[in-house]
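As a plain string of letters, each chain reads:
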Amino acid sequence: MSLWHVAWNYLWNRKLTTAMTIISVALGVALISAVLTLREQTQKRFEEEGQAFDLVIGAKGNPLQLVLSTVYFLDAPTGNMSRADFEEIAKLEDVEAAFPLGMGDTFKGYRIVGTDRALMDFTWGDRRPYELEEGRYFEGVREAVIGAAVAQDTGLRVGSSFISTHGFVDMPGAHAHEDKPYTVVGVMRRSGTPNDRAIFCDMESVWDAHDHGGEEAEEHAHEHGEECDHDHEGVRADITAALVKLASPALRFEYKDRINKQYNAMAAVPVNEIQKLYEQLLGTAKAVLLAIGYLVVVISSMSILIGLYMSILQRRRDLAVMRALGATRGEIFGAVLIEAFWVTVLGIGVGWILGAVVCYGLGMYLVAKLGFHVSAVALGPDLVTAYSAVLLMGLVAGILPAWQAYRTDIARDLAEL
Amino acid sequence: MVTMEGVRRTLGPGVVFQCDAFHAAPGERVALWGPSGCGKSTMLNLVSGLLRPHGGVVRVDGVDITGLSGSRLDAFRGRYGFIFQTFNLLSPFTSLQNVVLGMRFADVVPEKEWKTRATAMLARVRLGHRLHSRPGTLSVGERQRVAIARALVNRPKLIVADEPTGSLDPKTAESVMALLLELCAEEGVTLLLVTHDRAVAERLPRMHDCTELVKETVS
């Protein structure tokens, strides 16, 4: 019978206290797990998506807003840029591919994105983010290819028609382009990317939806109110933004500077903007949540300490008997420390499972909101470090009770109790 | 087997334990008899190394245990078997595990023999049917028999028993004493048994009167 067995039996003998202590450790660990896993996973997914294109180009403004609106379809675009500038940039020597984007309308909150048919064939690495599940790609005006989440949420299928609404917010009273319905010609395979939440069509469809003439144009402009942020005159002269693939990622900053200087447009490196977002904003949130998690673990460590200390006081006679039977002081110290180890390890195990459940729930939310698939059980280096720190705290908490046990006075404890 | 010469231990202000000479031969079974507070349990603690004397010599099996370091004394204690008035079984463990723990901590029996020896020892104290029972589910007589099994399982040279029948009813005490004496005789083990009950003391071949061990000193 090993000391591990002895320690386990003593823990099992006071199941309720042990379970409460394990749960308190587990709550802290779950919080730490969820924060680290979600942070790591979302950043990884954001950065992966950000790597698809080297640059995004749009109207001058906030580069993060530009990236969020064009790569992740999360924010309003910064405005419009000149189509002529786009066509010139597309011909620069190191530009491997450039795709225009035209945005302005939505259907049930899902963004309608006008682009070139060629974007649908775009691949990077072994990923095919625009692969079709059924139907075909758009070929004519107001033909649409919808993302998997759009199809699931709206019930649209190949052959369905829908009416787009002006603006990026799905709100009652928004102007609907009722005279220009779209027809669904294809549904994309779920890719776990923002494309799942988008509706793609050709640029002409977007221009056509906003090409009003004379009185109709005036009326339309009034209806838009504040949600309207684009120029209706000569709509075909503008695009919302562009996605650019360069010959090498090493050229990103050179071309970003060049475009910012030479054109009336703003270029941004998506992955760079996302990293800045994580470092500045989410980094602080992560630090606060992690601090709370570690605080919970410190409090849990105190409960380990108090629980074990009380237990040692209650079984001074048992410890004295063990010493009388021949147990060394070191064995007694070790047995108590092992109890702290068991409680902490079990707390970490339960906490990891709880954290995975939380991540799974939040992951479902992220899939719905961002189109990102998040792995709930990823065990990254940050988590391994955090778990090691928790284990260390648990063992440190066990030292005082173990020392108390180490100092057992056999004769006194056998006589007094 | 056990020798005490000029052993002195201060128990408190003006109270001293003093044993000028005591000897128990190997295999001898001695009752340390006296009223409560006379110092007989202190004598037992000094013999077993649970207390250290402030003077004099205690020899057990030829070894002066007063000169042993703490760790050597821990190891040496494996040669003893302890039986307590309140049994002192470890409650989270079964009868079998309690007896195994006696071997595990004494570290004098190879691990591979632990289970078979413990099972056989429990059978000898007629508890073969309660191997997996925890102390809380045993009668007081059964608990003391488990304690006897735990004390004897290492085949110690010396058994120290402190009021082993003190918590038992007369009938159970009688059967436990009979068992203890029978097993000690079979094993040839030396037995020092503390009791305040003269009838119990008289069942052993020799009775040592402990009434004069604790003295008050004038400061």
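Residues numbered from 1 in each chain as written. Chains lettered and ligands numbered in written order. Predicted model: local features only at pLDDT ≥ 70, side-chain atom pairs only at ≥ 80, totals over all residues. Heavy atoms only, no water.

Caption draft 1: Spatial organisation of the overall build of chain B. Tallying secondary structure elements over chain B gives seven helices and ten strands in all. Counting contacts in chain B only where the partners sit at least 6 residues apart, residues at least 24 apart contribute 70% of the total. Roughly 9200 Å² of accessible area belongs to chain B as shown, and the carbon and sulfur atoms make up 51% of that amount. (Helix = DSSP H or I, 4+ residues; strand = E, 2+ residues; numbered from the N terminus. Contact = heavy atoms within 4.5 Å. Areas by Shrake-Rupley, 256 points an atom, 1.4 Å probe, with all protein chains shown as cover.)

Caption draft 2: Representation of the overall build of chain A. For chain A, the helix and strand inventory stands at 13 helices and 13 strands. By the burial criterion, 54% of the 417 residues in chain A qualify as buried. As displayed, chain A has an accessible area near 18200 Å², and 58% of this comes from carbon and sulfur atoms. (Buried < 20%, exposed > 50% of the residue type's maximum accessible area, 1.4 Å probe, protein only.)

Caption draft 3: The arrangement of the environment of Arg 83 of chain A in detail. Residue and element names in this part refer to chain A. Examined against the element boundaries, Arg 83 turns out to sit in helix H4 (residues 83-90). Considered as a pair, Arg 83 and Ala 242 are 159 residues apart in the sequence and their alpha carbons are 9.5 Å apart. If near-sequence neighbours (up to four positions away) are discounted, Arg 83 is found in contact with Trp 207, Arg 236, Ala 237, Asp 238 and Ile 239.

Caption draft 4: Region of the structure containing the interface of chain A and chain B. Taken together, the 23 residues of chain A in the interface contact 24 residues of chain B. Of the roughly 2100 Å² buried between chain A and chain B, counting both surfaces, carbon and sulfur atoms make up 62%. One can count one salt bridge joining chain A with chain B. For the salt bridge of Arg 104 of chain B with Glu 331 of chain A, the shortest nitrogen-to-oxygen distance reads 2.8 Å. Run the count over chain A and chain B and you get five residue pairs in polar contact (both at pLDDT 80 or more). Here the element with the most residues in the side of chain A that touches chain B is helix H10 (residues 316-325) of chain A; it accounts for seven residues. Looking at the side of chain A that touches chain B, its residues break down into twelve nonpolar, six polar and five charged. (Buried area = accessible area lost by both parts, 1.4 Å probe. Salt bridge = Lys/Arg side-chain N within 4 Å of Asp/Glu carboxyl O. Polar contact = N/O pair within 3.5 Å; in protein donor to acceptor, adjacent residues only side chain to side chain. Nonpolar A, V, L, I, M, F, W, Y, C, P; charged D, E, K, R; others polar.)

Caption draft 5: Molecular detail of the sheet that holds strand S9 (residues 206-209) of chain B. Residues and elements named next belong to chain B. One open sheet accounts for five strands, arranged S6-S7-S8-S3-S9; its pairing is parallel. Because the sheet does not close on itself, it has two edges, and the strands there are strand S6 (80-83) and S9. Pairs of neighbouring strands in the sheet enclose a mean axial angle of 20°, with direction left out of account. For S6 and strand S7 (residues 158-162), the ladder comprises four bridges, and the chain directions are parallel. (Pairing = 2+ DSSP bridges. Axes fitted to C-alpha atoms, helices over the stretch in contact; angles between N-to-C directions.)

Caption draft 6: Region of the structure containing the nonpolar core. In this structure, Met 4, Phe 22, Val 60, Leu 122, Leu 158, Leu 191 and Leu 192 of chain B are the most contacted members of the largest nonpolar core, which totals 100 residues. When residues in this core are grouped by element, the largest group, eight residues, is from helix H6 (residues 170-187) of chain B. Ignoring any residue separated from it by four or fewer positions in sequence, one finds Leu 158 of chain B in contact with Met 1, Val 2, Val 47, Val 60, Arg 79, Tyr 80, Gly 81, Val 189, Thr 190 and Leu 192 of chain B. Of all hydrophobic cores here, the second largest spans 35 residues; its members include Leu 66, Leu 68, Phe 73 and Leu 277 of chain A. (Core = buried A, V, L, I, M, F, W, Y, C linked by side-chain atoms within 4.5 Å.)

Caption draft 7: Focus on the packing of helix H3 (residues 95-106) of chain B against helix H5 (residues 140-152) of chain B. Residues and elements named next belong to chain B. The interhelical angle for the contact between H3 and H5, taken along N-to-C directions, is 30°, at an axis separation of 8 Å. Put simply, H3 runs roughly parallel to H5. Crossing of H3 over H5 shows right-handed handedness. Judged by residue contacts, Ser 95, Asn 98, Val 99 and Gly 102 of H3 engage Val 146, Ala 149 and Arg 150 from H5. Among the residues forming the contact of H3 with H5, the class breakdown is three nonpolar, three polar and one charged. (Parallel < 35°, antiparallel > 145°, perpendicular 65-115°, else oblique. Left-handed = near helix turned anticlockwise from the far one by under 90°.)

Caption draft 8: Unusual backbone geometry, seen in detail. Notably, Phe 73 of chain A is not glycine yet its phi reads approximately 55°, a positive angle. Structurally, the position occupied by Phe 73 of chain A is in the loop between helix H3 (63-70) and strand S2 (81-82).

Caption draft 9: How the structure looks around the pairing of strand S10 (residues 198-202) of chain A. All names here are of chain A. Buried residues dominate S10, accounting for five of its five residues. Of the two faces of S10, the one holding Ala 198, Phe 200 and Asp 202 and the one holding Ile 199 and Cys 201 are both buried throughout. Of the pairings in the sheet, the one linking strand S4 (residues 110-115) to S10 comprises five bridges and is parallel in character. The residue of S10 that forms the bridge with Thr 115 is Asp 202. Where strand S6 (residues 143-146) lies against S10, two bridges are found, and the strand directions are antiparallel. Along S10, the bridge assignment pairs Val 145 with Phe 200.

Caption draft 10: Fine view of the packing of aromatic side chains. Here the structure, examined in full by the defined rule, presents 18 aromatic pairs over all chains. Geometrically, the ring pair formed by Trp 4 of chain A and Trp 342 of chain A is edge-to-face, given 5.7 Å between the ring centres and 85° between the ring planes. On the criterion of sequence distance, the pair formed by Trp 4 of chain A in helix H1 (residues 3-13) and Trp 342 of chain A in helix H11 (residues 329-370) is long-range, its members being 338 residues apart. Look at Trp 342 of chain A and you get partly exposed, because its relative accessible area is 23%. One aromatic cluster is present, built from ring pairs that chain together Trp 4, Trp 8, Trp 12, Phe 341 and Trp 342 of chain A. The ring of Trp 33 of chain B carries the charged tip of Arg 198 of chain B above its face, separated from the ring centre by 4.7 Å. (Phe/Tyr/Trp six-rings, centres within 6.5 Å; stacked < 30°, edge-to-face > 60°. Lys NZ or Arg CZ within 6 Å of the ring centre and 35° of its normal.)

Caption draft 11: Geometry of the pattern of salt bridges. All names here are of chain A. The tally for this structure, following the rule as stated, stands at 23 salt bridges over all chains. A salt bridge links Glu 131 to Arg 128; the nearest nitrogen and oxygen atoms lie 3.9 Å apart. Asp 208 serves as the salt-bridge partner of Arg 142, at 2.3 Å between the closest nitrogen and oxygen. Here the residue Arg 142 occupies a position in the loop between strand S5 (132-135) and S6, and Asp 208 occupies one in helix H6 (residues 203-209), the gap between them amounting to 66 residues. Salt bridges sharing common partners tie together Arg 128, Glu 131, Glu 133 and Arg 189.

Caption draft 12: Representation of the confidence of the model for chain A. The predicted model of chain A has a mean per-residue pLDDT of 83, with 88% of residues at 70 or higher. Contacts for the low-pLDDT stretch residues 214-233 of chain A, under 50 throughout, to residues beyond four places or in other chains number 24 contacts. (pLDDT = per-residue confidence, 0-100.)

Caption draft 13: Representation of the pairing of strand S8 (residues 190-195) of chain B within the structure. Residues and elements named next belong to chain B. Most of S8 is tucked away: six of the six residues are buried. Burial along S8 is two-sided: the residues Thr 190, Leu 192 and Val 194 and Leu 191, Leu 193 and Thr 195 are all buried. Where strand S3 (residues 29-33) lies against S8, five bridges are found, and the strand directions are parallel. Pairing of Ala 31 across the sheet is with Leu 193, part of S8. Crossover S7 to S8 through H6 is right-handed. (Right-handed = clockwise from strand over helix to strand, strands pointing away.)

Caption draft 14: Main features of H10 of chain A. In terms of burial, H10 of chain A is largely enclosed, as nine of its ten residues are buried. Once H10 of chain A finishes, Gly 326 of chain A follows within two positions and takes phi at roughly 120°, a positive value.

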